[in-house]
Amino acid sequence: MTRTTLQRQTAQSCRDHAGNALGFLAVGVFASSSSVASGKKPVNGVDLYYEQTGRGKHAVLLLPGALGNKLCYCFDTTYFLKKKSFIWQTLGFGKFSLLGWSDGGITALVAAARNPDMINKMVVWGANAFVSQQDLKLYNEVRDVSKWSARMRQPMEEVYGVQVFAKLWEAWVDGMAQFVHRPEGSICMEHLPLISCPTLIIHGEKDPMVPNLHPEYLLKHIKGSRLHLMPEGKHNLHLRYADEFNTLVEDFLEE
């Protein structure tokens with residue numbers, strides 16, 4: 001996987017397949033290559049679409065944030081947790097590293113805890129292991145997508161359509177709100193002590209969706225993890241500061 005972000009390579013495919021496939025999966029392998037192989041596999045009556053680029057022994061699975069868009073990946077994280085063994089048997093990878101953004105970071109945390117022998121390293125950013133009342137307030141403030149700027153709405157609306165995106169986002173907010181009824185608002189708090197792979201937590205200190213208490217909690221409860229703060233970073237820090245982010249991640253994975 002080169003430092004040209006895989007997001008840019010897969011933008012058109014995300015648009016093309018969002019309407020007829022449950023998910024989008026991206027797999028990178030560290031080596032110099034710009035070619036992209038793609039496939040769509042039926043699993044229990046649902047089409048799982050993936051793209052793969054690069055050549056080498058270090059496979060990297062990139063997991064998206066909520067809903068995804070044309071600059072990231074459209075993928076159902078719950079489905080991944082149920083079907084991960086199918087993914088790796090199909091693509092032929094025994095071990096791999098995880099890069100998870102936002103909800104994809106939550107998926108990565110659970111996957112690493114449940115499958116310690118399969119994970120080399122993990123990088124998460126914009127992720128949280130629980131939902132607090134403060135978080136719930138933040139989610140409700142962005143529930144109505146019509147109040148978003150056109151720049152923020154447009155990528156999602158291009159993938160899902162205006163009405164479908166609005167409904168999906170409201171459903172996401174409602175779904176996240178359910179976690180506050182669990183003990184301590186846990187999403188995956190109980191999984192964190194089970195994570196044994198080297199873990200890099202990246203956090204943008206101006207993230208409006210994920211307060212600083214969340215990366216600090218991850219750092220405290222994931223043994224041997226490290227935290228890198230980006231003072232000007234927001235929730236999409238990997239896009240806004242792509243060069244810095246890519247260098248940071250590649251250096252960590254290649255250590």
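These numbers were taken from a predicted model, which means no experiment stands behind them. (Residues numbered from 1 in each chain as written. Predicted model: local features only at pLDDT ≥ 70, side-chain atom pairs only at ≥ 80, totals over all residues. Heavy atoms only, no water.)

1. With respect to the overall build of the chain
Counting secondary structure elements, the chain contains ten helices and eight strands. In the chain, which comprises 255 residues, the share counted as buried stands at 55%. Contacts spanning at least 24 positions in sequence make up 76% of the contacts within the chain whose residues lie at least 6 apart. Carbon and sulfur atoms provide 51% of the accessible area of the chain, an area that totals close to 11900 Å². (Helix = DSSP H or I, 4+ residues; strand = E, 2+ residues; numbered from the N terminus. Buried < 20%, exposed > 50% of the residue type's maximum accessible area, 1.4 Å probe, protein only. Contact = heavy atoms within 4.5 Å. Areas by Shrake-Rupley, 256 points an atom, 1.4 Å probe, with all protein chains shown as cover.)

2. Let's talk about the pairing of strand β6 (residues 119-125)
Among the seven residues of β6, six are classified as buried, and the element is accordingly described as predominantly covered. Of the pairings in the sheet, the one linking strand β5 (residues 96-101) to β6 comprises five bridges and is parallel in character. If you follow W101 over to β6, its bridge partner there is W125. On the question of chirality, the crossover connecting β5 to the parallel β6 by way of helix α4 (residues 103-114) is right-handed. Relative to strand β7 (residues 199-204), β6 runs parallel, the two sharing four bridges. Considered in β7, the bridge of M122 is made with T199. (Pairing = 2+ DSSP bridges. Right-handed = clockwise from strand over helix to strand, strands pointing away.)

3. What to know about the nonpolar core
Of all hydrophobic cores here, the largest spans 44 residues; its most connected members are L98, L109, M122, W169 and I195. Here this core gets seven residues from one element, more than from any other, and that element is α4. What M122 contacts, discounting residues up to four positions off in sequence, is L98, A108, L109, A112, I195, C197, P198, T199, L200 and F252. With 14 residues, the next largest nonpolar core counts I202, M230, V249 and F252 among its residues. (Core = buried A, V, L, I, M, F, W, Y, C linked by side-chain atoms within 4.5 Å.)

4. Concerning the packing of aromatic side chains
Taken as a whole and judged by the stated rule, the model has seven aromatic pairs. Residues F165 and W169 carry aromatic rings whose centres are separated by 6.5 Å and whose planes lie at 50° to one another, so their mutual orientation is tilted. Taken as a pair, F165 and W169 lie in helix α7 (residues 162-177) at a separation of four residues, close to a single helical turn. Taken individually, F165 and W169 each receive the classification buried, so the pair is uniform in this respect. Among the aromatic side chains, those forming a connected cluster through ring pairs are Y139, W148, F165, W169 and W172. The aromatic ring of F252 is capped on one face by K121, whose charged end is 5.1 Å from the ring centroid. (Phe/Tyr/Trp six-rings, centres within 6.5 Å; stacked < 30°, edge-to-face > 60°. Lys NZ or Arg CZ within 6 Å of the ring centre and 35° of its normal.)

5. Regarding the packing of helix α6 (residues 150-160) against α7
In contact at an axis separation of 7 Å, α6 and α7 are set at 110° when each is read in the N-to-C sense. In terms of their interaxial angle, α6 and α7 are classed as roughly perpendicular. Residues M156, E157 and Y160 of α6 form the contact with α7, whose participating residues are V162, V164, F165 and L168. Of the residues that constitute the contact of α6 with α7, the class distribution is six nonpolar, no polar and one charged. (Axes fitted to C-alpha atoms, helices over the stretch in contact; angles between N-to-C directions. Parallel < 35°, antiparallel > 145°, perpendicular 65-115°, else oblique. Nonpolar A, V, L, I, M, F, W, Y, C, P; charged D, E, K, R; others polar.)

6. Description of the pattern of salt bridges
Per the stated rule, a full pass over the model turns up five salt bridges. Between R182 and E190 there is a salt bridge, with its nearest N and O atoms 4.0 Å apart. The partner of R226 in a salt bridge is E255, with the nearest N and O atoms 3.1 Å apart. Taken together, the residues span a long stretch of sequence, with R226 in strand β8 (residues 226-230) and E255 in the segment after α10 (242-254) at a distance of 29 residues. Since its relative accessible area comes to 39%, R226 is described here as partly exposed. (Salt bridge = Lys/Arg side-chain N within 4 Å of Asp/Glu carboxyl O.)

7. Considerations on helix α8 (residues 213-221)
Residues lying three or four places apart along an α-helix face the same way, a consequence of the helix completing one turn every 3.6 residues. Buried within α8 are the following residues: H214, P215, Y217 and L218. Projected down its long axis, α8 shows its buried positions confined to an angular sector of 155°, all on one face. Packed against the buried residues of α8 are α4, β6, α5 (133-141), β7 and β8. (Arc of directions from axis to C-beta.)

8. Considering α10
In this model α10 runs 18 Å from its N-terminal to its C-terminal C-alpha over 13 residues, within 8% of the 18 Å that 1.5 Å per residue would give. For α10, every residue scored as buried is listed here: A242, F245, N246, V249, E250, F252 and L253. Viewed along the axis of α10, the buried residues span an arc of 160°, placing them on a single side of the element. Residues of α10 that are exposed and point over 90 degrees away from its buried face: D243 and E254. (Expected span 1.5 Å × (residues − 1).)

9. Remarks on the side chain of T199
Inspection of the secondary structure assignment puts T199 in strand β7. Side-chain polar atoms of T199 contact the backbone oxygen of C197, separated by 3.0 Å. Ignoring anything within four residues of it in the chain, the contact list for T199 reads M122, I222, S225, R226 and F252. (Polar contact = N/O pair within 3.5 Å; in protein donor to acceptor, adjacent residues only side chain to side chain.)

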